[in-house]
Structures are given as C-alpha cells and as structure tokens.
Amino acid sequence: MKRLTELENYFCSNASKIGRIIYLYDECSSTQDIAKQIIAKCINGTCIMALQQTKGRGRLARVWLSPPGGLWLSIIIKDITEPIFLNPIFAISAIEVIAQLYQLKSTIYWPNDIYIETQNPHGRITYKKVAGILTEGIHSEKSIYIAGIGININIEKQYFDNNNLPDATSLYVESGKKTDIVYFLQNFLVKLNFLYELVQSQSYDYVNNTFKHQNGLLSKYVKIISKKCEYSGQVIDVDIKEGILLKLKNNIVKNFNAEIVENIKEIEYAEIL
Ligand code: BT5
C-alpha cells in the first residue's frame, strides 16, 4: 500500500468542512479500513481515496469490486448531529453530480444504492447499479462515522461481464464519456459540503424532499428480506427517518428501517398476488 499524496487545502475553501485533507492511495484493502486506522489523528472531513481496492466491501460484509477507474472514497465525519442524514446527503450529491457532468438521470434505490435508467438491446427500460454507499459508526463514539461511497466512473462493460455483475454499469458505459476522477471528486465535495451544512443547521427540507422524490422505488412493487423473512408489497413512502413503508397484500402497512433490511428487489405486480 502506497500513499500517493496528501492534497491539503486543494479542493475546498477554509469554510468547507469536508475534503480539506485528502489522502490518496494507489491501492489499499479498503478505504474504510484505512480510515479506521487513522481516525484518531484526523480532523473532521478527512477523505481517504484509493485508485483501487483489493478488499472493498459493501453492507453486511458483501464484496464491493473496486478496479481502477472508479471513485473509491471514505470520509471521516466527527461532528454530525443527525447521522441518519449521512447516507442521503452522499446519495443526493452523487445523483446531482451525475446529472451535471453527464446529463444522465440516476435514482436512489433505498437504502444505499444509486441506479441509472438504461435501455436494454430490446428497447426495454432497465435499471443498473452505478454506485453504493456504506456508512459505518464507531461504536464507542456517538457522532463519529466513516461514510464510504463507490462510484463506477470509467470502468469498461467487459469488467462487469467478466465478474458476473450483469446489473452493474459505469458512467462511461452509459455516456461514452471518460472523466477525470479527481474532477468528479471535486464536484462531489462541493455538493456534499453544501448539503452537510444544511443538515448541520437543521434545514432538512431540501434533503428530505429530494431523497423522497429521487427515489426509484416509490410506488414500485418490491420483495424485502428482513430478519430472514420475506415481505412483498408496494412501496407507498420512502422517508429518511421512518425508512420504507410497504403496503403488504393484506393491506397492512409495515415500515422497515435500513438496519433491518438485508435485501430489497423490485418485482412484478403479479408476484405479490
Ligand atoms: C454497497 O453495498 O453498495 C456499498 C458499497 C460501498 C463501497 C465503498 S468504496 C469506498 C468504501 N470502501 C469500501 O470498502 N467500501 C466503500 P451493498 O448494497 O451491500 O452492495 C454490494 C453488492 O453490489 C454486491 O453483493 C454485488 O452484487 C454488487 N457489486 C459489487 N461490486 C460492485 C460494483 N463495483 N458496481 C456495482 N455493483 C457491485
């Protein structure tokens, strides 16, 4: 593992909290692990970025493939007053930068995925995963978190085919355009700082509304696996605090927060009957 550089005060003004210090590695196991190792010595908003990860991970210890060509980033957050907003502000920053740099529409798939709307060769609309978010708390400290995001930026389609990820895509595959990853990061940090300040000043409306209305699962039929049980129904609301509200086939409405959901998958209406 080699630390390539330390980009101090490179991206953000002194007024910005996030990204004043960025450690960039050419390769590491997981930026989440590096963040954990150095957290005590780091200021709030320190970023750890790697060009590739050998042991990138997702939720529930799932593997996150991280070859060169993606943004693999963890951010140390030390003073968040409402940690429940961390995942949403990362997701909203990502979809807004994707729209701005690529004019592509992406949506949040609750709780932590970003999907791109794409057409398959038969002209049918499908959704493919372009990014995922992983927020981990430091158990001994209430307001200290490591928030990670992986975004497939310049990765070729063949990589996903070779690694049996038919539902994954990259911004390059969808747009035909390659982007400098550091430039993407710079844009991402500007959005993130803006949303972070909103949340810290208790102005939640923009984040709440955007999270709800940019959510690809709203009114869709889904199957949820939670605590080893399966539930199928229609999503009638997605709320940062309440989680997902599902109308089950017996018309009972049940809510699930992110911690208790192992898997969520869109299904056809016929499958819930
Ligand atoms: C996530 O988990 O989507 C969160 C991913 C977070 C990755 C970042 S990268 C920087 C930081 N360092 C880390 O080690 N992690 C964070 P989850 O919802 O559990 O999704 C995992 C699933 O996504 C896997 O089981 C695969 O099916 C699929 N997958 C794996 N790699 C992928 C990729 N590169 N693109 C799209 N899908 C992928």
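Residues numbered from 1 in each chain as written. Predicted model: local features only at pLDDT ≥ 70, side-chain atom pairs only at ≥ 80, totals over all residues. Heavy atoms only, no water.

Peer 1: Is there a simple way to think about the overall build of the protein chain in this case?
Peer 2: Counting its secondary structure elements, the protein chain contains six helices and 13 strands. Computed over its C-alpha atoms, the radius of gyration of the protein chain comes to 18 Å, within 12% of the 19 Å expected for a compact globule of 273 residues. On the principal axes, the C-alpha backbone points of the protein chain span a range of 55 × 40 × 30 Å. Taking contacts inside the protein chain between residues at least 6 apart in sequence as the whole, the part at least 24 apart equals 60%. Split by element, the accessible area of the protein chain, about 13,500 Å² in all, is 49% carbon and sulfur. (Helix = DSSP H or I, 4+ residues; strand = E, 2+ residues; numbered from the N terminus. Rg over C-alpha atoms; globule rule 2.2 N^0.38 Å. Contact = heavy atoms within 4.5 Å. Areas by Shrake-Rupley, 256 points an atom, 1.4 Å probe, with all protein chains shown as cover.)

Peer 1: Whenever I open this one, the layout of surface pockets confuses me. Can you help?
Peer 2: It is the rolling of a water-molecule-sized probe over the atoms that shows where space remains empty. A volume near 640 Å³ is recorded for the second largest pocket. Lining of the second largest pocket is provided by 24 residues; of these, Arg59, Asn87, Thr135, Ala258 and Glu259 occupy positions nearest its centre. At the level of elements, α2 (86-102) and β7 (125-137) are the ones that each hand at least two residues to the lining of the second largest pocket. If you tally residues by element for the lining of the second largest pocket, the top one is β7, at four residues. (1 Å grid on protein atoms, 1.4 Å probe; cavity = no way out; pocket = protein on both sides within 12 Å on 5 of 7 lines; lining within 4 Å. Points joined across faces, edges and corners; volume = space filled by probe spheres on them.)

Peer 1: So what exactly am I meant to see when it comes to unusual backbone geometry here?
Peer 2: Most peptide bonds are trans, and most residues other than glycine sit at a negative phi. Here the bond from Trp110 into Pro111 is cis, since omega is 5°, no more than 30 degrees from zero. Summarising the element assignment, Pro111 is placed in the loop between β5 (106-109) and β6 (113-119). The backbone of Asn251 shows a phi angle near 75°, a positive value even though the residue is not glycine. You can see Asn251 is positioned in the loop between β11 (243-248) and β12 (253-256). For Asn251, a relative accessible area of 55% translates into the label exposed. (Buried < 20%, exposed > 50% of the residue type's maximum accessible area, 1.4 Å probe, protein only.)

Peer 1: Looking at this structure, how should I read the packing of aromatic side chains?
Peer 2: Any aromatic ring pair is given by two values, namely how distant the centres are and how the planes are angled relative to each other. Under the defined criterion, the tally for this structure stands at eight aromatic pairs. Taken together, a centroid distance of 5.9 Å and an interplanar angle of 65° make the contact between Phe90 and Phe188 edge-to-face. Note that Phe90 is positioned in helix α2 and Phe188 in helix α5 (residues 181-200), a separation of 98 residues in sequence. Phe188 matches Phe90 in its accessibility class, with the two residues each being buried. Taking 6.0 Å as the distance between ring centres and 80° as the angle between the ring planes, the aromatic pair formed by Tyr159 and Phe160 counts as edge-to-face. (Phe/Tyr/Trp six-rings, centres within 6.5 Å; stacked < 30°, edge-to-face > 60°.)

Peer 1: So what exactly am I meant to see when it comes to the pattern of salt bridges here?
Peer 2: When the charged atoms of two side chains lie near each other, side chains of opposite charge can form a pair. Evaluated as defined, the whole model comprises 13 salt bridges. Linking Arg57 and Glu136 is a salt bridge whose minimum nitrogen-to-oxygen distance equals 2.8 Å. With Arg57 in the loop between β3 (47-50) and β4 (70-77) and Glu136 in strand β7, this pair connects stretches of sequence that are 79 residues apart. Since its relative accessible area comes to 17%, Glu136 is described here as buried. The network of salt bridges with shared partners includes Asp33, Lys36, Arg57 and Glu136. (Salt bridge = Lys/Arg side-chain N within 4 Å of Asp/Glu carboxyl O.)

Peer 1: Teacher, can you tell me more about the site of the ligand here?
Peer 2: The full set close to the ligand counts 26 residues, and Ser30, Arg57, Arg62, Lys129 and Asn152 are the nearest of them. Contact between the ligand and Arg57: a nitrogen atom at 2.8 Å from a main-chain N or O atom of the residue. Here an oxygen atom of the ligand and a side-chain polar atom of Lys129 are 2.8 Å apart. Summarising the interface, the protein chains cover 89% of the accessible area of the ligand, which totals 800 Å² for the free molecule. Only α1 (31-38), β4, β7 and β8 (145-152) provide two or more residues apiece to the shell around the ligand. (Near = heavy atom within 4 Å. Polar contact = N/O pair within 3.5 Å; in protein donor to acceptor, adjacent residues only side chain to side chain.)

Peer 1: Looking at this model, I keep getting lost on the pairing of β11. Mind explaining?
Peer 2: Along any regular strand the residues' side chains alternate between the sheet's two faces. With six bridges connecting them, strand β10 (residues 229-239) and β11 associate as antiparallel partners. Each bridged residue has a counterpart across the sheet, and for Asp239 the counterpart in β11 is Gly243. The antiparallel pairing of β10 with β11 creates a hairpin that spans three residues between the two strands. As judged from the four bridges shared by β11 and β12, these two strands associate in the antiparallel manner. Bridge pairing links Leu245 to Asn255 in β12. Hairpin geometry of β11 and β12 is characterised by an intervening segment of four residues between the two adjacent antiparallel strands and by a positive phi of about 75° at Asn251. (Pairing = 2+ DSSP bridges.)

Peer 1: Help me understand the packing of α2 against α5, please; the structure alone is not making it clear to me.
Peer 2: When two helices pack together, their arrangement is given by the angle between the helix axes and by the axis-to-axis distance. For the pair α2 and α5, the least separation of the axes is 9 Å and the interaxial angle reads 135°. Put simply, α2 runs oblique to α5. In this structure, the crossing between α2 and α5 has a hand that is right-handed. For the pair α2 and α5, the contacting residues are Ile89, Phe90, Ile92, Ser93, Ala94, Glu96, Val97, Ile98, Gln100, Leu101 and Tyr102 in the first and Tyr183, Phe184, Asn187, Phe188, Lys191, Leu192, Leu195, Tyr196 and Val199 in the second. (Axes fitted to C-alpha atoms, helices over the stretch in contact; angles between N-to-C directions. Parallel < 35°, antiparallel > 145°, perpendicular 65-115°, else oblique. Left-handed = near helix turned anticlockwise from the far one by under 90°.)

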